[in-house]
Amino acid sequence: MSELQRKAQMKGISSKLPPMPPKGPSSGSRSLSLRLGHPRKRDFSQLPWSDYFHSCQDVEVDKDNIFRVYRRGAEGPVVLFLHGGGLSSLSWAVLASLVTKSVRCQCLAMDFRGHGNTVTPNEHDLSASTLARDVGNVITALYGDENVPPIIMVGHSMGGAIAIHAAVQFLVPSLAGLIVIDVVEGTAMEALQGMQSFLRGRPKQFRSLEYAIEWAVKSGQIRNLESARVSMVGQLKRCSQECQTVSDQVPSCSASEAIAEEDEELENPKDASSPTQQQEEVSASTSVPYTWRVDLSKSETYWKGWFEGMSNLFLSCAVPKMLLIAGVDRLDKDLIVGQMQGKFWMQVLPQCGHCVHEDQPQKVADILASFLVRNKLAEAADEFVRPSPAC
């Protein structure tokens, strides 16, 4: 074969080969780093509450009982958010910022006693009657007995139960609507049997706030990173000296213990880390760790009182009502009958965890705005587009 024939043959083969990718940085470098075991970098730093609420206020019910209240908006009816057990008013931050873009309303979120930044002499009294009375006292302290604006109470989990108790006791005389999120009497009473086991399974301490946020997202407690970055700080407090003395017995949650995501591989914790990682570990080990703001395991005596008889109480409230749940399997018999009789609106948001309003804040905001507009409780803002199907 002549030299000319060999060149012609090689040219024919090369024309069938795919073009070579351009050299330099490309999207392939990210895939390569994942194959080599390098985790994606996600920002687990704290977001300030001021990005979502316009102001915060410490409301004095009396000289010893001071309740933290966050506010957004200055006109229209008041949407009062009541958080679940162990959470704080910051769990409503993202939702509140979205709701006020859709309807003209004010959003208030208060910390229950023993939670968040509320200060009371008896933080361990978490009975339904005490918490419901606190709600009424805060409303009175804010607005007095006259000229109270229409109030729509929105409660999640324990907060939903307390909203119902406050409604049936007429502690909020200007009540115009009631929305309960992911709490049903039958399901809640069954879940209480495994609550202590669930609480024992959580980390007791976190070496930093960033580790706490990472744990919340990757464990599935909060499935929305943005919401976790603003709300987790309300669930935690700095460890006291007594708490730190037992820190060696209770391991802190770290990135190596977190759950890897679908396209993310975590490095072997036994492998040698980089100098930067070593510095972070040393800094974290010498800082004051965080622990839970409230020890829910000590409030077990009140759990049954929160939820017992809640379904019939909810149905008896003579205001527009809505139940927002993560699955229809959570309904009990009384609510199924009541829903078929048209006594309340119901919306189901599947593929959410228990913190529905944090996992899917935009969808919950759309549903809440539609409820308010449909029942003529608030006026739609210019940006509001009612989702289909509307509630």
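In this report, we go over the structure that sits alongside the text. (Residues numbered from 1 in each chain as written. Predicted model: local features only at pLDDT ≥ 70, side-chain atom pairs only at ≥ 80, totals over all residues. Heavy atoms only, no water.)

Thoughts on the nonpolar core
Link 1 in the chain: One finds L80, M110, V135, M153, I162, L178 and W306 to be the most contacted residues of the largest nonpolar core, which totals 51 residues.
Link 2 in the chain: Of all the elements, helix 4 (residues 128-143) adds the most residues to this core, at eight residues.
Link 3 in the chain: Discounting chain neighbours no more than four positions away, the residues touching I162 are F112, A128, L131, A132, V135 and W306.
Link 4 in the chain: In this structure, L47, V99, A109 and L372 belong to the second largest nonpolar core, which totals 41 residues. (Core = buried A, V, L, I, M, F, W, Y, C linked by side-chain atoms within 4.5 Å. Buried < 20%, exposed > 50% of the residue type's maximum accessible area, 1.4 Å probe, protein only. Helix = DSSP H or I, 4+ residues; strand = E, 2+ residues; numbered from the N terminus. Contact = heavy atoms within 4.5 Å.)

Some remarks on helix 4
Link 1 in the chain: In this model helix 4 runs 23 Å from its N-terminal to its C-terminal C-alpha over 16 residues, within 8% of the 22 Å that 1.5 Å per residue would give.
Link 2 in the chain: Burial in helix 4 covers these residues: A128, T130, L131, A132, D134, V135, G136, V138, I139, L142 and Y143.
Link 3 in the chain: Looking one or two residues past helix 4, G144 carries a phi angle of roughly 80°, positive in sign. (Expected span 1.5 Å × (residues − 1).)

As for the packing of helix 4 against helix 5 (residues 158-168)
Link 1 in the chain: Axis separation between helix 4 and helix 5 bottoms out at 9 Å; the angle between their running directions is 75°. Classed by the angle they form, the pair helix 4 and helix 5 counts as roughly perpendicular. Across the interface between the two elements, A128, L131, A132 and V135 from helix 4 touch M158, I162, H165 and A166 from helix 5.
Link 2 in the chain: Its residues assigned to classes, the contact of helix 4 with helix 5 comprises seven nonpolar, one polar and no charged. (Axes fitted to C-alpha atoms, helices over the stretch in contact; angles between N-to-C directions. Parallel < 35°, antiparallel > 145°, perpendicular 65-115°, else oblique. Nonpolar A, V, L, I, M, F, W, Y, C, P; charged D, E, K, R; others polar.)

Comments concerning the packing of aromatic side chains
For any two aromatic rings, the description comes down to two numbers: the centre-to-centre distance and the angle of the planes.
Link 1 in the chain: For the structure shown, the criterion picks out eight aromatic pairs.
Link 2 in the chain: A ring pair is formed by W215 and W292, whose centres lie 5.9 Å apart and whose planes are at 70°; its orientation type is edge-to-face. Taken together, the residues span a long stretch of sequence, with W215 in helix 8 (residues 209-218) and W292 in strand 10 (residues 290-292) at a distance of 77 residues.
Link 3 in the chain: A relative accessible area of 14% means that W215 is categorised as buried.
Link 4 in the chain: According to the relative accessible area criterion, W292 is buried, its value standing at 11%.
Link 5 in the chain: Consider the rings of W306 and F307, whose centres lie 5.9 Å apart with planes at 85°: the pair is edge-to-face. (Phe/Tyr/Trp six-rings, centres within 6.5 Å; stacked < 30°, edge-to-face > 60°.)

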